[in-house]
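Report on the structure
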Amino acid sequence: MNFKPLLDAINDRNIVSGLTHDIYRYPARFSPLFARAAIEMFTEPGDTILDPFMGGATSLVEASAAGRHAVGTDINQLSVFLARVKTLLLSDDELELLSVWAEETVPDLSPRKPVVRHTEWHEMGYQDNMPWRFRKIAEQAINNATSLLEGAVLQAARCIVLKTVQWAVDCKKFLPTAEHFRRKIVEDTAIVINGLRSYRQQVESNCGRRCRIEIHHAATDAITDVKSELLQKRRPKLVVTSPPYPGVHVLYHRWQVLGRRETAAPYWITESNDGQGASFYTFCDRRSRKHDELYFERLQKCYSELRKVVSDDCVVAQLVGFCRPDEQLPLYLNAMTMAGFEEFDFEKAGHRRDREDFWRAVPNRKFYVWLRDSTQQTKEILLLHRAC
């Protein structure tokens with residue numbers, strides 16, 4: 001078995017792009033090349049892949065583009081919204097409607113103009129710390145989209161607004177002007193349209209085979225309760241994923257504005273609900289004295305439930321980062337064993353494994369780790385397991 005394409009993929013440092021992958025910058029997303037290499041290595045067309053922590057839905061996009069069925073779950077409603085938009089199969093006529101919406105909307109976007117407020121979201125706190133001029137511009141764009149579009153096309157328009165507002169405010173020290181915003185939303189409209197068109201063409205090129213995609217808002221440790229035809233009738237041959245990292249702080253549910261002020265704006269823009277603290281998305285509070293105990297207990301429970309829905313020859317390919325690798329990696333491997341997954345037998349597969357080959361420094365990504373006040377670049381390891 002040739003592991004070189006998989007190892008090359010995890011070390012690829014190119015900017016995430018292609019198909020619908022650059023529609024939104026989801027935290028801690030992995031490279032499409034990694035998902036693609038794992039899918040091609042461990043599955044055949046018509047098989048099912050599962051991503052139980054689907055995040056930005058990279059694995060779902062790559063699976064369907066490669067002619068595989070795919071199931072994705074996540075507890076984050078923002079993730080569910082993105083997965084549905086990134087796997088839309090819109091016609092050219094529907095994509096043209098997005099262009100028309102942008103052409104009619106962009107010239108009138110201005111923080112100086114009055115706007116019909118989204119008061120219900122403001123009252124629930126979803127607009128807190130959102131710079132007022134971008135809040136007004138986003139409301140204008142969404143109001144116009146709601147009056148002109150419907151269904152899947154409206155969701156795609158919301159995603160364009162989401163993409164542009166993220167560019168304008170998330171982790172920015174200086175905010176762009178309204179004119180810069182107008183130019184950027186035109187650029188982002190083209191990016192989203194081209195990505196959705198490219199994705200549809202790739203799916204349609206699979207010899208007439210259109211594979212099924214299931215997207216569920218669900219916790220991984222409750223995956224056996226998910227009403228899924230694929231999980232019941234076409235059990236996954238591959239789990240390709242990246243779960244929450246132990247002790248590593250990732251803001252899956254907030255944008256940071258002008259320092260460390262946080263806003264829940266992505267949920268308001270996408271008509272999604274949040275209302276959860278950061279620890280909800282990462283198994284437990286990284287600052288807890290019992291962090292490792294709580295994290296690995298939850299991890300084992302999640303993978304024990306996953307073992308019940310995957311095939312008996314299923315492979316699990318996952319990228320995981322640690323704040324204390326020497327201590328936490330053995331605990332992680334033990335949790336996987338207790339859940340019913342054994343480490344991949346590389347010698348049997350004809351590969352002389354050097355574990356250092358499976359580590360990678362993560363480019364252009366910084367996390368807060370609980371042992372430090374400052375940010376640092378993390379390292380991730382590729383872990384491969386089989387069901388046992």
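In short, a report on the structure. (Residues numbered from 1 in each chain as written. Predicted model: local features only at pLDDT ≥ 70, side-chain atom pairs only at ≥ 80, totals over all residues. Heavy atoms only, no water.)

Let's talk about the packing of helix α5 (residues 92-105) against helix α8 (residues 151-169)
Interhelical geometry of α5 versus α8 gives an angle of 45° and a closest axis separation of 10 Å. On the basis of the axis angle, α5 is oblique to α8. Pair α5 / α8 crosses with right-handed handedness. Judged by residue contacts, E94, L97, L98 and W101 of α5 engage V153, A156, A157, I160 and V161 from α8. Tallied by class, residues from the contact of α5 with α8 come to eight nonpolar, no polar and one charged. (Axes fitted to C-alpha atoms, helices over the stretch in contact; angles between N-to-C directions. Helix = DSSP H or I, 4+ residues; strand = E, 2+ residues; numbered from the N terminus. Parallel < 35°, antiparallel > 145°, perpendicular 65-115°, else oblique. Left-handed = near helix turned anticlockwise from the far one by under 90°. Contact = heavy atoms within 4.5 Å. Nonpolar A, V, L, I, M, F, W, Y, C, P; charged D, E, K, R; others polar.)

Observations regarding the packing of aromatic side chains
Per the stated rule, a full pass over the model turns up 13 aromatic pairs. Seen from their ring centres, Y26 and Y252 are 6.2 Å apart, and the 35° between their planes marks the pair as tilted. Taken together, the residues Y26 in the loop between α1 (4-10) and α2 (32-42) and Y252 in the loop between β5 (248-249) and β6 (255-257) connect sequence positions 226 residues apart. Residue Y26 is classed as buried on the basis of its relative accessible area of 5%. Y252 sits in the buried class, given a relative accessible area of 11%. An angle of 90° between the planes, with centres 6.4 Å apart, marks the rings of F296 and Y332 as edge-to-face. Residue F296 is found in helix α12 (residues 291-307), and its partner Y332 is found in helix α13 (residues 325-339); the two are separated by 36 residues along the sequence. We note that F296, like Y332, is buried. Aromatic ring contacts, followed pair by pair, group F53, F283, Y295, F296, F322 and Y332 into a single cluster. (Phe/Tyr/Trp six-rings, centres within 6.5 Å; stacked < 30°, edge-to-face > 60°. Buried < 20%, exposed > 50% of the residue type's maximum accessible area, 1.4 Å probe, protein only.)

Thoughts on the pairing of strand β1 (residues 48-51)
The two faces of β1 match: T48 and L50 on one face and I49 and D51 on the other face are all buried. Sheet topology places β1 next to strand β2 (residues 69-74); four bridges connect them, and they run parallel. The partner of T48 across the bridge, within β2, is H69. The pairing of β1 with strand β4 (residues 238-241) spans two bridges and is classified as parallel. (Pairing = 2+ DSSP bridges.)

What to know about unusual backbone geometry
Despite not being glycine, L19 has its phi angle at roughly 50°, a positive value. Looking at the secondary structure, you find L19 in the loop between α1 and α2. Since its relative accessible area comes to 16%, L19 is described here as buried. Not every positive phi belongs to a glycine, and A57 is a case in point at roughly 65°. Relative accessible area serves as the criterion here: at 0%, A57 is assigned to the buried category.

Digging into empty space enclosed by the protein
Enumeration over the complete set of coordinates arrives at one cavity of 30 Å³ or more. Within this model, the largest cavity holds a volume of roughly 310 Å³. Along its surface, the largest cavity is lined by 31 residues, and F53, M54, G55, D74 and S242 are the ones closest to its centre. Elements supplying a minimum of two residues to the lining of the largest cavity: α3 (58-65) and α12. Residue composition of the lining of the largest cavity, grouped by class: 18 nonpolar, eight polar and five charged. (1 Å grid on protein atoms, 1.4 Å probe; cavity = no way out; pocket = protein on both sides within 12 Å on 5 of 7 lines; lining within 4 Å. Points joined across faces, edges and corners; volume = space filled by probe spheres on them.)

Looking at the state of the cysteines
Such a bond, covalent and formed between the sulfur atoms of two cysteines, is termed a disulfide. Under the definition given, this model contains zero disulfides. Cysteine C302 remains unbridged, with the sulfur of C284 as its closest cysteine sulfur at 11 Å. Not part of a disulfide, C314 finds its nearest cysteine sulfur in C388, a span of 12 Å. On the accessibility criterion, C314 (0% relative accessible area) is buried. (Disulfide = S-S within 2.5 Å.)

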